Amino acid sequence: MAFKITKAVIPAAGLGTRFLPATKAMPKEMLPVVDKPAIQYVVEEAVAAGLHDVLMIAGRNKTPLENHFDRVGELEAILEEKGDFEKLAKVNFATDLADVHYVRQGAPLGLGHAVLRAKMHVGNEPFAVLLGDDIIDERDVLLTRMLEEQTSRNATIVALLEVDPSLVHLYGVATVEPTESDDVVRITGLVEKPSREDAPSNYAIIGRYVLQPEVFEVLENTAPGKGGEIQLTDALETLAKDPSIAGGVYGVVFRGRRYDTGDRLDYIKAVVQIAVDRPDLGPDLRAWLKTYAASLD
Ligand code: UTP
């Protein structure tokens, strides 16, 4: 199926306070997951779904992001001189991956505020938002499935994950109704980071969205919510409550592998899981992990 959506927006302007001091001088999205920064996996995912126009919402540490997706003449020349074409290909791959644009979010006033910074670039068309610290395993399909649903329903689509009820306070959580599709639910309400008692379900929003352009106007009229931040979840709640604005909100239920690299423990797990599956590192790492795990008892 061909999609009319071509633009991906990647917010990467959060303070990353859970990762201090590593994030003092660089965004958490640049932390390496094995040998690539987290954000490269995310850009690769967007491109794999046909979204070649990428807008990054950058914060105060914008330079490392820009440098990563740009040419580095000196490094390229040295690798070329040495005849190390394998490494040169890795360097050039990131440079040529997508058509990457940047806009600054002057102050980290929330994810909703970050998405609003994309208004000029996106214009009046639907677009995808991929959080730069959230990695979806490349072997599992999510974004393409969401684009399919956006195309057929002309509505807002979010990705949902069924989480353990003890973890709902970390996410935006949805009130849902079944649809005719096994992996799609209609969302009738949303609440940001509820307590376990107040959570309407255990369907949590993860970092993938396909949004309608109407979201910008809703965000402009969304007051700061939880944590004093302009929350994307609050704008989605408005859209879910009134389907006449932009067709309502639906959730694609993701049952694959997802890694939250913004959380220290999940980050460590992500590095191990991804490395274990890599042909170049996996066999040695697996063997070592088994011995190491046994030594812990
Ligand atoms: P998080 O809440 O995970 O990011 O935002 P954070 O605030 O940087 O994290 P901690 O708690 O301080 O460690 C989810 C996504 O939204 C982006 C972040 O970069 C991340 O990709 N974000 C968040 C922005 O771009 N701007 C903001 O104002 C807030």
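What counts, and at which threshold
- Residues numbered from 1 in each chain as written.
- Predicted model: local features only at pLDDT ≥ 70, side-chain atom pairs only at ≥ 80, totals over all residues.
- Heavy atoms only, no water.
- Core = buried A, V, L, I, M, F, W, Y, C linked by side-chain atoms within 4.5 Å.
- Buried < 20%, exposed > 50% of the residue type's maximum accessible area, 1.4 Å probe, protein only.
- Helix = DSSP H or I, 4+ residues; strand = E, 2+ residues; numbered from the N terminus.
- Contact = heavy atoms within 4.5 Å.
- Axes fitted to C-alpha atoms, helices over the stretch in contact; angles between N-to-C directions.
- Parallel < 35°, antiparallel > 145°, perpendicular 65-115°, else oblique.
- Left-handed = near helix turned anticlockwise from the far one by under 90°.
- Nonpolar A, V, L, I, M, F, W, Y, C, P; charged D, E, K, R; others polar.
- Phe/Tyr/Trp six-rings, centres within 6.5 Å; stacked < 30°, edge-to-face > 60°.
- Lys NZ or Arg CZ within 6 Å of the ring centre and 35° of its normal.

Counting residues in each nonpolar core, the largest one holds 44 residues, and the members touching the most others are Ile 39, Val 43 and Met 56. Listing elements by their share of this core, those giving two or more residues are strand 1 (7-12), helix 1 (38-48), strand 4 (53-58), strand 6 (127-130), helix 7 (143-153), strand 8 (156-162), strand 11 (203-211) and strand 12 (249-253). The element that contributes the greatest number of residues to this core is helix 1, accounting for five residues. Each residue touching Val 43, except ones within four places of it in the same chain, is listed here: Ile 10, Val 54, Met 56, Phe 69, Leu 97 and Ala 98. Ranked by size, the runner-up nonpolar core spans 36 residues in total, among them Val 158, Leu 160, Leu 232 and Ala 246.

Moving on, we get to the packing of helix 3 (residues 73-82) against helix 4 (residues 85-96). For any two helices packed against each other, one specifies the inter-axial angle together with the distance between the axes. Two elements in contact, helix 3 and helix 4, have axes whose closest approach is 8 Å; the angle formed by their N-to-C orientations is 160°. Between helix 3 and helix 4, the crossing angle belongs to the class labelled roughly antiparallel. Crossing angle aside, the handedness with which helix 3 passes helix 4 is left-handed. Residue-level contacts link Leu 75, Glu 76, Leu 79 and Glu 80 of helix 3 to Phe 85, Lys 87, Leu 88, Val 91 and Asn 92 of helix 4. Partitioned by chemical class, the residues of the contact of helix 3 with helix 4 number five nonpolar, one polar and three charged.

Counted by the stated rule, this structure contains three aromatic pairs. Judged by centre distance (5.2 Å) and plane angle (80°), the rings of Phe 19 and Tyr 267 are edge-to-face. One end of the pair, Phe 19, is in the loop between strand 1 and strand 2 (32-33); the other, Tyr 267, is in helix 11 (residues 264-276), and 248 residues separate them in sequence. Side by side, Phe 19 and Tyr 267 carry an identical accessibility label, which is buried. With a centroid separation of 5.1 Å and 5° between ring planes, the pair formed by Phe 127 and Phe 216 is classed as stacked. Of this pair, Phe 127 sits in strand 6 while Phe 216 sits in helix 8 (residues 214-220); the two residues are 89 residues apart in sequence, bridging distant segments of the chain. The pair Phe 127 / Phe 216 is uniform in exposure class, with both members buried. A cation sits over an aromatic face here: Lys 36 above Tyr 41, 4.4 Å from the ring centre.

On their own, these measurements won't tell you what the molecule is for.
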